[in-house]
Structures are given as structure tokens and as C-alpha cells.
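Listed below, chain by chain, are the residues.
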Amino acid sequence: MKGHRFRFASVAVQLGCLAVFVGACFWSEQASASGGPPGGGGAGDIPPGPLGSPLPGLNQNDLQAFNQGRQEFGRLEGPPQGLGPVFNGRSCLECHGEGAPGGAGTNLGVARVTRIGGTVNGLYSDLTQFGGAVIQARSLRELIPNYPVPRENVPFQATFVSRRQTTPTFGAGLIEAIPGQTLIDNANRAQPDGVTGRVNMVLNPLTGGLEVGRFGWKSQHSNLFVFAADAYLNEMGITSPLFPNENLPQGMPIPPGADQVADPEDNGNDVQAFANFMRFLAPPAREGAITLQIAAGEQLFSTIGCAVCHSPVLRTGNHPNPALANKNVRLYSDLLLHDMGPQLADGVRQGQATGSEWRTPPLWGLRVRRFFLHDGRSQNLDDAIRRHGGEALPATNRYIGLSQANRSALLAFLTRL
Ligand code: HEC
Ligand code: HEC
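Residues numbered from 1 in each chain as written. Chains lettered and ligands numbered in written order. Predicted model: local features only at pLDDT ≥ 70, side-chain atom pairs only at ≥ 80, totals over all residues.

A. Representation of the site of ligand 2 within the structure. For ligand 2, the set of nearby residues contains 27 residues, the closest of which are Cys306, Cys309, Phe372, His374 and Ala392. Contributions of two or more residues to the shell around ligand 2 are made by α9 (381-386) and α10 (393-400). The residue makeup of the shell around ligand 2, split by class, is 19 nonpolar, seven polar and one charged. (Near = placed C-beta within 6 Å. Helix = DSSP H or I, 4+ residues; strand = E, 2+ residues; numbered from the N terminus. Nonpolar A, V, L, I, M, F, W, Y, C, P; charged D, E, K, R; others polar.)

B. Representation of unusual backbone geometry within the structure. With omega at 0°, the peptide bond leading from Gly132 into Ala133 counts as cis. Mapped onto the secondary structure, Ala133 falls in the loop between β3 (123-125) and β4 (134-135). With omega at -5°, the peptide bond leading from Asp263 into Pro264 counts as cis. Following the sequence through the fold, Pro264 ends up in the loop between α6 (224-236) and α7 (269-279). With a phi close to 60°, Asn146 is a non-glycine residue in the positive phi region.

C. Fine view of the site of ligand 1. Around ligand 1 sit 27 residues in total, of which Gly89, Cys92, Cys95, Thr167 and Gly216 are the nearest. Put simply, the parts of the chain that give the shell around ligand 1 at least two residues each are α3 (92-95), β2 (113-120), α6 and α7. Considering every element that reaches the shell around ligand 1, the biggest residue donor is α6, with seven residues. A class-by-class count of the residues in the shell around ligand 1 yields 14 nonpolar, eight polar and five charged.

D. Quick look at the packing of helix α8 (residues 292-303) against helix α11 (residues 404-414). Contact geometry for α8 and α11: axes closest at 7 Å, N-to-C directions at 95°. Between α8 and α11, the angle is such that the two are roughly perpendicular. Of the residues in α11, those in contact with Gln293, Ile294, Ala296, Gly297, Glu298, Leu300 and Phe301 of α8 are Asn406, Ala409, Leu410, Ala412 and Phe413. Split by residue class, the contact of α8 with α11 holds eight nonpolar, three polar and one charged. (Axes fitted to C-alpha atoms, helices over the stretch in contact; angles between N-to-C directions. Parallel < 35°, antiparallel > 145°, perpendicular 65-115°, else oblique. Contact = placed C-beta atoms within 7 Å.)

E. Quick peek at the nonpolar core. Residues Ala228, Ala229, Tyr232, Phe274 and Phe277 are the most contacted members of the largest nonpolar core, which totals 82 residues. In terms of residues, this core owes the most to one element, α6, which gives 10 residues. When residues of this core are assigned to domains, at least three fall in each of domain 1 (4-54 + 283-414) and domain 2 (60-169 + 177-279). What Ala228 contacts, discounting residues up to four positions off in sequence, is Val271, Phe274 and Ala275. Ranked by size, the runner-up nonpolar core spans seven residues in total, among them Val113, Phe130, Ile135 and Ala158. (Core = buried A, V, L, I, M, F, W, Y, C linked by C-beta atoms within 7 Å. Buried ≥ 20, exposed ≤ 12 C-beta atoms within 10 Å, placed from the backbone. Domains from an automatic or database assignment.)

What follows is the structure in C-alpha cells.
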């Protein structure tokens, strides 16, 4: 049933415009005959709501956990909470605020986080001993006069320096609730255009087992709690039971007295609060009426091959929480790793992801974003699409070959997500 009405609209458009005479298609802003709420409304569809709202259907406890988590997510931390010695941000919100709390970065086009890698004795290394894998570009020196530990710099040993844009966390609980087997099955299925998505099997330090990764630019984490604990340590310098040891600034020991709070600095409650907030964040809903132009753009997204990687919908499994169970997740991603060619490659390995592989980023919520691709190098969608290489080259070439009207339709569709 899902997408039933859309298919109708799309077929009408195809007959009326694409198949007849593409150049003669002038789009009107009148709603298409199919109408209906964006996102469907079939079984398992999430009713649309404002960006940043909680998932519909949460029970009272979960709603409270969401609200408490949102507060914690926005709290400015300082030395008494264990911030530093070196860090990149003082709250999660500082980087994750675009559109609403939980979103992507509201920054100035400069990716806030730098990840490094290199080769030591012939083997790939995160360069932890020199301050990697994540560089912390600020230190408590900005708060405490004469503080002994300076900010980190990219060490000369780094062969690979990868700037990373902040990814949004809207709908993250739904992404977490998609069965790993779904992603494995999709990776094993033969795809057109020679596309070969791979799962990133990553360590879940909570269980010690390998799981299907799905979060981050290289699908480097499988689980929101683990990502939150990792971010608390690597972006804010705050230790927790899962990651109880401080990063060593630039690989050097922390001078006595520079870190006054005993580890773990968070007893785990903050990490749990962050995870609750992100897990219960509603997905971005599509915006605006489905005009003929939008419907045509949606159709083109599939016909030229974008949807091979940017899967319009995946589905959650039998989750114990009814708000997350058996839902359609209209994320426009397969969450798999794809080789995107040398221009986008950063050389950095994470889990099983190689230096030229990236997770297909979900495209929902695109309408509030201003910078695109892993390092934010694109400031508009057209540029981001044209920079697709590697496995995406056939689709990119079809995009470039579209008429102006059709390209505009495709872009209009994307800006409503
Ligand atoms: C200094 C900026 C910064 C701060 C502070 C920060 N993040 Fe992030 N966050 C990022 C960046 C950059 C990424 C993408 C990382 C990557 O994949 O390389 C990210 C990705 C994530 C993701 C993955 C979302 C997805 O689906 O890809 C989660 C979850 C997350 N952050 C949670 C948090 C939490 C929780 C906090 C607070 C403890 C936090 N972040 C603090 C910059 C930041
Ligand atoms: C082979 C898989 C694949 C295909 C096919 C593909 N993409 Fe992508 N797309 C990706 C990956 C992977 C990235 C992230 C690359 C990076 O950041 O370096 C991406 C990034 C994007 C982004 C930027 C998203 C963000 O969060 O910054 C947009 C927009 C996008 N793709 C649209 C499209 C469109 C439109 C098409 C069809 C013309 C398309 N893609 C075809 C895999 C694919």
C-alpha cells in the first residue's frame, strides 16, 4: 500500500510530460490530483510533525526521557563536568542545531571535526599516539588562564586529514530499529549500474560483538548509545563508563592537576539521556504540496538511478517499543558503504570502510541543510550531485544529461524532503 498514491501521480506525470515532450513541460504550482499528505499515510507511516518534535505515539515515560534528553543535549558543559582537557564543542547542540536541536551543524561552511589517519610501520593507523583519530581543536585554555594543555593540531604524521560535517540525528531511533539483516540482504542483492553497497560490520563495545553499522559518514557505529558515548569523549572530552579513559592530548600525558574530575566523569546518565533524545526524535516530514513538478522530480530520482543507493524507504522490525516497531523509514538511504571515487576519497578507514567508501547519507531533512557532502564542500544540491563519482557515475551522468526543466524538478523534489 505504501506510496500507492505517489505512483499514480508519477505515472500521470510521466505520460503527460516525460514521455511526450520534455522541453514543453512547464510546471505549475497547483497541487496534483492525487493530493494527500506528503509521506503517504499508509500502514506504518509516521504522521508528519514539525522538525525536532518527538516521535508520535511515545508513552509518557519515553516522552519525559525525550524532554530530559533534549535538555541534556543542549547543556553547556565546563570543567566541573569534566569538559576537556581538549575538546571540539561544549554541548552536543553546539554542533547539532540546524533546523532544530538534533540537526546538522549550523556552522559557517567549515566542517568542525577533523579525523586523521596515517601509516605506521607499514600498517594503517588512527594515530592515537599523536592525537588521533579525532583532533580536538580547542582546550580549556579558553576558559582557564594559564591552563597547561594547548589545543591539538594535526600532527605531521597524518597522511590523511578528513574534515567532517555534522550529520543530523532526526529519525535516528528509526534508523537504529531497521534490522541489520535488511541491510545485509540489500547489500547482497544485485544492483543496476554496477552498484555494490557493502555493510560496515563494526564492533559494538556494549556487547563485544560485530554489528551492522549505520550511523556516521562511514556507518562507523551501530547504536546511538555508543555513538553518544563516543561523541561525549571525542567531541567534549567527557569520559563515561563505556569509554572511561581520557584521550591523551596530542598523545601526551595530561599534566597533574589539569583534569580535576575523576573518571568516568559522567556516570552514564548523560550518555543515556543523549541516546534517549536522539532515539525518540521524529523523522523529518516532507514539506509542501506534491505538485506536478515535485512528483516528476520524485519519479526522475528513481528513473536515473539515484534511488539505487538513496533507497526511498526501509522498514523497522519488531521493536519492543511500539513507537519504533514496523514503521516505514522514508530516509532515502540504503545505509550501505559505496566507493565514491578518488575525488571524494579521504583515505581514512573506519571499521571495514575503506578510504574511498562512504555511507549513503539519508536525504530526509535536506530542506534545512546548507552544506553538503562529508566535508561540506558543496553549498548547493546541484554541486553535491555533480561531485558523485565511483559507483554513482552512471547516475551522475544521467543527471547531467537531463533537460533544465527535469533537473529543476529533481532539485525541487529534494528541497522538499
Ligand atoms: C564539535 C562538533 C560536534 C559536537 C560537539 C557533537 N557532535 Fe555529533 N557529530 C559531529 C560530526 C562532525 C558528526 C559526523 C561524524 C562522522 O561521521 O565523521 C557527528 C555525528 C553524530 C551522530 C551520528 C548521526 C548519523 O546518523 O550519522 C550522532 C548520533 C551524534 N553525532 C551524537 C552526538 C552527541 C550525543 C553529542 C554530544 C555528546 C555530539 N554528537 C556532539 C559533530 C559534533
Ligand atoms: C552509488 C550510490 C549513490 C548513488 C547512485 C547516488 N548517490 Fe547521492 N550520495 C551517495 C554517497 C555515498 C554520498 C556521500 C558522499 C560524500 O559525502 O562524500 C551521497 C551524497 C548525496 C547528497 C548530499 C547529502 C548530504 O547529506 O550532504 C545528495 C543531495 C545526493 N547524494 C543526491 C543524489 C542524487 C540526486 C543522485 C542521483 C543523480 C544520487 N545522489 C546518486 C551515494 C549515491
